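Close look at the chain arrangement
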Amino acid sequence: MDSDINQESENRGSMWDLDQKLDQPMDEEAGRIRNMYRQKKFSALVILRFAFQSLGVVYGDLGTSPLYVFYNTFPRGIDDTEDVIGALSLIIYSLTLIPLVKYVFIVCQANDNGQGGTFALYSLLCRHAKVNTIPNQHRTDEELTTYSRTTLPEISFAAKTKRWLEGHASRKNALLLLVLAGTCMVIGDGILTPAISVLSAAGGIKVDHPKMSNDIVVLVAVLILVGLFSMQHYGTDKVGWLFAPLVLLWFLLIGGIGIFNIWKYDSSVLRAFSPVYVYRYLKKGGKERWTSLGGIMLSITGTEALFADLSHFPVLAIQIAFTAVVFPCLLLAYSGQAAYLVTHTDHVVDAFYRSIPDSIYWPVFIVATLAAVVASQATISATFSIIRQAVALGCFPRVKVVHTTKKFLGQIYIPDINWILMVLCIVVTAGFKNQSQIGNAYGTAVVIVMLATTFLMILIMLLIWRWHWILVLLFTSLSLVVELTYFSAVLFKVDQGGWVPLVIAAAFFIVMYVWHYGTVKRYEYEVHSKVSMAWILGLGPSLGLVRVPGIGLVYTELASGVPHIFSHFITNLPAIHSVVVFICVKYLPVYIVPEEERFLVKRIGPKNFHMFRCVARYGYKDLHKKDDDFEKKLFDNLFLFVRLESMMEGCSDSDEYSLYGQQTARSRDVLLTNKGDLAVSDVDHTASSGDLILPIQSPQVSLTVRSLGQMSSQTEVDELEFLNSCRDAGVVHILGNTVVRARKDSRFYKKIAVDYIYAFLRKICRENSVVFNVPHETLLNVGQILYV
């Protein structure tokens, strides 16, 4: 037994996994970084400050719902005052079950290190189960400090669920389709929220001037929308500090007005807190009463934006803000409007504005308009964020992403999406001209997002939280009963405006699915057609060509193996650069990759081939910024690799294993600046043959760190000088331009999707050369055609 353990220890000591360990922080450093990205514990005062700030970011959309709920519930007027009490009771329990219980206390716990939304849930699932449709992950990715996951006992129900989910490609595709459907509906929210919020707020002008034409109200709303979208490129950093006090003032106003109306008009509306009135309202039956549920559902709109806009607020702060401010103020606002409507049934069209005391009408109108703008800003920002996540996960064409501030990484602006949203928002506002039809459209989008979140949460509870199936069943039952009831109600309103989000979502869904399909096919082609190392080794160090001074950076989607584009290149050209580096930029299902762990480097083939691989890893919130740092960091890591590799030659197994885990960030900096006086054995010893890591049996010698540096310095200096001379001679970026076409015998819909839609998207999306900031004079495109 002891001999087996010793043998295992020797084998571990002789392994030099440079691709895994070189750019990985060691134990001490990893602990420091992991603590940075773990959710921090804050003092009570800081939590309260976060709770206050979250009002402006998270709750603006939910808070403006009282502007339009009762009108959309009773678009044809109120026949019986008991219906008002029944509708209020439904609003109260809908707010309790969905925003309060489901989202604030359960769904928000499923955030991905503070990131919310459907893609954040999907990334969590991708880390805990092999459901990613682009299988480009490597075991080294799981060692990232932000790659948190749990292991499952083989006999557990969670493990069985995981195996079932991974068992067939159709289940993975179904999960992706569910995520895309939810994402497209969130984009629909980004169009409909500004339309209904701003139009409802602007409608207050007409209350004080009844003879004013509705077209003027629409014009005012359109002008506000144009101004809102035109200001997006400035970001919210300069005015964001105003959002929280403004939204807090809004909640206090609507809550105070609610108390005033309850006291003045009819305090008996408080009996709506009894669930009996929900039963009485639904018992009366009738299609009109059932479809009115679509209007009541608008009281919980903004809940999905609440989850998508979590940002970096602690969950506790979100919970405090909702339970202490948002929830009671909304209940008071709706109760006050109901009390007013019981005595003024003919004022349902403008219930909110007519219930305001005359003395504070115009101040409330101004605050309402500003609150509508804040609510719109929240959904627009959420749309930008979710589009960026989709781009990172290969589900949306590459678009320009601009940081609007250096202080906060999450504040971004996407020009193309911004103008598309603006045009569609103006078309919806000017086309419908009234809140009712826009409300029907809005309700359809919201309920589909909620259903998608529910189904994803079922998997989260089973796979990650490992809840008992009875608790999962209870959560699922309560959620689906409410959401499917509302879904059935909005289906009746598809022809009354409910078709709008379906059309918008269908257009975005086609774009996202076709792009993802093309991305997957290109990756599969790269994997299946990669060049064997035997063929590369057979060419010899010259690769059968003239090796000219310079460095060739070959961009590929492969994280291992030599891409087909390289063989295509060397069989059509008479020369190749002295140094070749294969670069793979890979996005992982994590929200961010720490800068210290971004690059992985290793050698391909023997040393005299001068071929390397570099994998640059990004999370879905990382931004590949347009600057020159990428190339500089690439070469820094390449030189560091060469130094470590040279220093390890001749090192004993026992010595290197005992030194394992002692590297710090300081020693990495020293290695980048010194030539050979300091060596740290943070990696195991191998030689790289082909694309494999093979152990080397090293002679057992005892060397000091300084003598090791002296012994390897000559080899190290020679190769570093060679690399520097090649770098000075010039760097050429070689990019593959794979044209995807449908086979001649393909079905007509596949030809339309591939030959027209995907081809069009490839033409209008940003080129890789622009993304990587490649100078035009150093760019070399290698074209090839892929038939699918």
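Summarised in this report is the structure supplied together with it. All chains use their own residue numbering, which begins from 1 and follows the written sequence. At least 70 in pLDDT is required for a residue's local features to be given in this predicted model, at least 80 for side-chain atom pairs to be given and counted, and no such filter applies to totals for whole chains, interfaces and linings, which use all residues. Heavy atoms throughout the structure, all of them, feed into the side-chain values; hydrogens and water do not.

**Regarding helix H7 (residues 81–104)**
- Helical segments are the DSSP runs of H or I of at least four residues, strand segments are the runs of E of at least two, and each set is numbered from the N terminus. The span one expects for a helix is its residue count, reduced by one, times 1.5 Å. Taking 1.5 Å as the rise per residue, H7 with 24 residues should run 34 Å; its terminal C-alpha atoms sit 32 Å apart, in good agreement.
- To get the bend at a given residue, fit one axis to the seven residues ending there, fit another to the seven starting there, and take the angle between those axes. A bend of about 25 degrees at Leu95 is the largest found in H7, and the proline Pro99 appears one to four places after it.
- Pairs of N or O atoms within 3.5 Å make up the polar contacts considered here, provided that, within protein, one atom can donate a hydrogen while the other can accept it, and that residues adjacent in sequence are counted only when both atoms are side-chain atoms. Measuring from the side-chain oxygen of the N-cap residue of H7 to the backbone nitrogen of Glu82 gives 3.1 Å; that N-cap residue is Asp80.

**Considerations on the environment of Gln109**
- Here Gln109 lies in the loop between H7 and helix H8 (118–128).
- Only protein chains enter the area calculation, which uses a 1.4 Å probe; residues under 20% of their type maximum are buried, those over 50% are exposed, and those in between are partly exposed. By relative accessible area, Gln109 is classed as partly exposed at 41%.
- Between the alpha carbons of Gln109 and Val315 there is a distance of 6.9 Å; along the sequence they are 206 residues apart.
- Discounting chain neighbours no more than four positions away, the residues touching Gln109 are Val315, Gln319 and Trp465. We call two residues contacting when some pair of their heavy atoms lies within 4.5 Å.

**Here we look at the packing of H7 against helix H14 (residues 276–283)**
- Look at H7 against H14: their axes get within 8 Å of each other, and the N-to-C directions meet at 120 degrees. By the angle class used here, H7 and H14 are oblique. Handedness of the H7/H14 crossing: left-handed. Contacts between H7 and H14 involve Glu82, Asp83, Ile85, Gly86, Ala87, Ser89, Leu90 and Tyr93 from the first element and Tyr277, Val278 and Tyr281 from the second.
- Here the residues of the contact of H7 with H14 are counted per class, giving seven nonpolar, two polar and two charged. Axis geometry follows a simple rule: fit a line to the C-alpha atoms, using only the stretch in contact for helices, then measure angles between N-to-C directions, giving values from 0 to 180 degrees. By the definition adopted for this analysis, an angle is roughly parallel if under 35 degrees, roughly antiparallel if over 145, roughly perpendicular if from 65 to 115, and oblique otherwise. In this scheme the crossing of two helices becomes right-handed for a clockwise turn of the near helix relative to the far one and left-handed for an anticlockwise turn of less than a right angle. Three classes are used, and their members are as follows: Ala, Val, Leu, Ile, Met, Phe, Trp, Tyr, Cys and Pro are nonpolar, Asp, Glu, Lys and Arg are charged, and the others, Gly among them, are polar.

**Considering the packing of helix H10 (residues 169–202) against helix H24 (residues 499–528)**
- Taken N-terminus to C-terminus, the directions of H10 and H24 make an angle of 135 degrees; their axes are 8 Å apart at the nearest point. Accordingly, the angle class assigned to the pair H10 and H24 is oblique. Crossing of H10 over H24 shows right-handed handedness. Residue-level inspection shows Leu176, Leu177, Leu180, Ala181, Thr183, Cys184, Met185, Ile187, Ile191 and Leu192 of H10 in contact with H24, the latter providing Val500, Pro501, Leu502, Ile504, Ala505, Phe508, Phe509, Met512, Tyr513 and His516.
- Residue classes in the contact of H10 with H24 are distributed as 18 nonpolar, two polar and no charged.

**Here's the deal with the nonpolar core**
- For this analysis, a nonpolar core means a set of buried residues of the types Ala, Val, Leu, Ile, Met, Phe, Trp, Tyr and Cys, connected via side-chain atoms within 4.5 Å. Ranked by size, the top nonpolar core spans 162 residues in total, and within it Tyr59, Phe119, Phe251, Tyr353 and Met457 carry the most contacts.
- Looking at which element gives the most residues to this core, the answer is helix H22 (residues 435–465), with 18 residues.
- When neighbours within four sequence positions are excluded, Phe119 is seen to be in contact with Val179, Leu180, Thr183, Ile386, Gln389, Ala390, Leu393, Cys395 and Met512.

**What about the packing of aromatic side chains?**
- Between rings of Phe, Tyr and Trp, where Trp is taken as its six-membered ring, a pair exists when centres lie within 6.5 Å; planes separated by under 30 degrees are stacked, by over 60 edge-to-face, and by other angles tilted. By the definition in use, this model includes 20 aromatic pairs.
- Both rings, one in Trp465 and one in Trp467, keep their centres 5.3 Å apart while their planes meet at 35 degrees; by these two values the pair is tilted.
- Trp465 gets classed as partly exposed once you look at its relative accessible area, which sits at 24%.
- Looking at Trp467, the relative accessible area reads 32%, which means it is partly exposed.
- One aromatic cluster is present, built from ring pairs that chain together Trp250, Phe352, Tyr353, Tyr361, Trp362 and Phe365.
- The cationic tip of Arg289 hangs over the ring face of Tyr281; the distance from NZ or CZ to the ring centre is 5.1 Å.
- Sitting over the face of the ring of Tyr618, Arg598 holds its NZ or CZ atom 4.4 Å from the ring centroid. Look at NZ for Lys and CZ for Arg. If either is within 6 Å of the ring centre and within 35 degrees of the ring normal, a charge sits over the ring.

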